[in-house]
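Take a look at the letters that make up each chain.
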Amino acid sequence: MEKYERKGQIKYTRTGTPTLLQYADEMPGVPLQNIWTDIPPVNPQARERVGYPTQKPESLLERIVTASSNAGDIVLDPFCGCGTTIAVAERLKRQWVGIDISPTAVNLMRRRLLEATNGAVDAKLIGMPTSEVDLKRLKHFEFQNWVLQQIVATPSARKTHDMGIDGLSFMYHEPVQVKQSEKVDRPVVDKFFTAIKRTDKDTGYVIAFSFTRGARNEVARLQREEGIKIVLITVAELLLASDAITRPDREPTFDVAKPSGWRGPSRDHKRLLQALKERAGLPPIQAPPANTMPSGKALVDSVRDS
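Fair warning: this is a prediction, and the values are worked out from it, not measured in the lab.

### Overview of the pattern of salt bridges
Turning to step 1, where the next piece is worked out: Taken as a whole, this structure holds 14 salt bridges when the rule is applied.
Turning to step 2, where the next piece is worked out: With its nearest N and O atoms 2.3 Å apart, the salt bridge here joins glutamate 62 to arginine 91. One end of the pair, glutamate 62, is in helix α2 (residues 58-68); the other, arginine 91, is in helix α3 (residues 84-91), with 29 residues separating them in the sequence.
Turning to step 3, where the next piece is worked out: Taking relative accessible area as the criterion, glutamate 62 reaches 29% and is therefore assigned partly exposed.
Turning to step 4, where the next piece is worked out: Classification of arginine 91 as partly exposed rests on a relative accessible area of 42%.
Turning to step 5, where the next piece is worked out: When salt bridges that share partners are traced, they join Arg186, Asp190, Glu218, Arg221, Arg224 and Glu225 into one network.

What follows is the structure, given as structure tokens:
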């Protein structure tokens, strides 16, 4: 007691009872338990938020990666989602492998790493769609998300009953409709025309695998008589234009045959894809509304149905 008295660690109550003062930084503490309540979830305003429905806090993965590996070790996340694990592993100087069944998620991971490392890390993607055949095999929402990501469009907040508008183009916010179909015909054009008229825009885009002559004739009539421009772009043209704009001096990303008469991206292609060079140059990731990304359950159900 004399030793504690000299250190000023004895406090006396009103009745003279001595009490030992103890400080947290002088105590060994309690080993971390298996229930962690000190890490809050990602809040809607957090800078790390990317809009993925199951996103985990980076501080949580920092604790897991730091506790279970050393610098230079390999970290594997086989259900990688929006890439929090690999982003943290990269920052902590670990090697890493991330796996996910969703191309939507994989593209989001790549963009996140590019932005987080200021372009220093461009992940190698394996098993992603590289041809029209691959894209035809995707489930509906995966195909739609893939196309919208390619053109850096903002997805529609509504996944059903969206009135024919699946997304809005970069900068101009012009309506975009995605059809995972061949020989898209005149009725689709007419319905999309009605959807455009409900907006304040006079231009819209339909992206599909092919279009009929009737669809193209209807597009010409609507522009001539109604002043509404609907641009029909095939998936092959989209892939070729994307390669031509983002990889002019490198190996093409996509394996696609050039349509007859192809002379490179048209003015309409370039208007729609104008964000691609900026995307290659790392635009900031803007968190979309939480309900614009498919839920984990929706993606699982989509694969289970196949």
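### So, the pairing of strand β9 (residues 229-234)
Turning to step 1, where the next piece is worked out: Within β9, five of the six residues are buried, which leaves it mostly tucked inside the rest of the structure.
Turning to step 2, where the next piece is worked out: Here strand β8 (residues 203-208) runs beside β9; their pairing, made up of six bridges, is parallel. The partner of threonine 203 across the bridge, within β9, is lysine 229.
Turning to step 3, where the next piece is worked out: The parallel pair β8 and β9, bridged by helix α8 (residues 213-226), forms a crossover whose chirality is right-handed.

### Brief notes about the packing of aromatic side chains
Turning to step 1, where the next piece is worked out: Using the criterion set out here, one finds two aromatic pairs in the structure.
Turning to step 2, where the next piece is worked out: Ring geometry for tryptophan 146 and phenylalanine 254: centres 5.7 Å apart, planes at 75°, overall edge-to-face. Here the residue tryptophan 146 occupies a position in helix α6 (residues 140-150), and phenylalanine 254 occupies one in the loop between α9 (235-246) and α10 (267-272), the gap between them amounting to 108 residues.
Turning to step 3, where the next piece is worked out: Using a relative accessible area of 2% as the deciding quantity, one classes tryptophan 146 as buried.
Turning to step 4, where the next piece is worked out: Residue classification places phenylalanine 254 among the buried residues on the basis of a relative accessible area of 10%.
Turning to step 5, where the next piece is worked out: Positioned above the aromatic ring of tryptophan 36, the side-chain terminus of arginine 63 is 5.0 Å from the ring centre.
Turning to step 6, where the next piece is worked out: Sitting above the plane of the tyrosine 172 ring, arginine 271 keeps its charged end 3.8 Å from the centroid.

### Things to note about the environment of tyrosine 205
Turning to step 1, where the next piece is worked out: When you line up the elements, tyrosine 205 lands in strand β8.
Turning to step 2, where the next piece is worked out: Residue classification places tyrosine 205 among the buried positions, given a relative accessible area of 1%.
Turning to step 3, where the next piece is worked out: Separated by 13 residues in sequence, tyrosine 205 and phenylalanine 192 place their C-alpha atoms 9.0 Å apart.

### Some words on the nonpolar core
Turning to step 1, where the next piece is worked out: With 30 residues, the main nonpolar core has Leu135, Phe143, Ile151, Val176 and Ile207 as its most contacted residues.
Turning to step 2, where the next piece is worked out: Sorting the residues of this core by element identifies α6, β7 (175-178), β8, β9 and α9 as the ones contributing at least two each.
Turning to step 3, where the next piece is worked out: Setting aside residues up to four positions removed in sequence, phenylalanine 143 forms contacts with Leu135, Leu138, Val178, Lys179, Gln180, Phe209 and Val235.
Turning to step 4, where the next piece is worked out: Counting residues in each nonpolar core, the second largest holds 16 residues, with Ala195, Val219, Leu222 and Ile230 among its members.

### Overview of the state of the cysteines
Turning to step 1, where the next piece is worked out: On inspection of all chains with the given rule, the structure shows zero disulfides.
Turning to step 2, where the next piece is worked out: Summary of cysteine pairing: cysteine 80 is not part of a disulfide, and the nearest cysteine sulfur, belonging to cysteine 82, is at 8.0 Å.
Turning to step 3, where the next piece is worked out: The exposure class of cysteine 80 is buried, given its relative accessible area of 5%.
Turning to step 4, where the next piece is worked out: Residue cysteine 82 is classed as buried on the basis of its relative accessible area of 3%.

The rules behind the values
- Residues numbered from 1 in each chain as written.
- Predicted model: local features only at pLDDT ≥ 70, side-chain atom pairs only at ≥ 80, totals over all residues.
- Heavy atoms only, no water.
- Salt bridge = Lys/Arg side-chain N within 4 Å of Asp/Glu carboxyl O.
- Helix = DSSP H or I, 4+ residues; strand = E, 2+ residues; numbered from the N terminus.
- Buried < 20%, exposed > 50% of the residue type's maximum accessible area, 1.4 Å probe, protein only.
- Pairing = 2+ DSSP bridges.
- Right-handed = clockwise from strand over helix to strand, strands pointing away.
- Phe/Tyr/Trp six-rings, centres within 6.5 Å; stacked < 30°, edge-to-face > 60°.
- Lys NZ or Arg CZ within 6 Å of the ring centre and 35° of its normal.
- Core = buried A, V, L, I, M, F, W, Y, C linked by side-chain atoms within 4.5 Å.
- Contact = heavy atoms within 4.5 Å.
- Disulfide = S-S within 2.5 Å.

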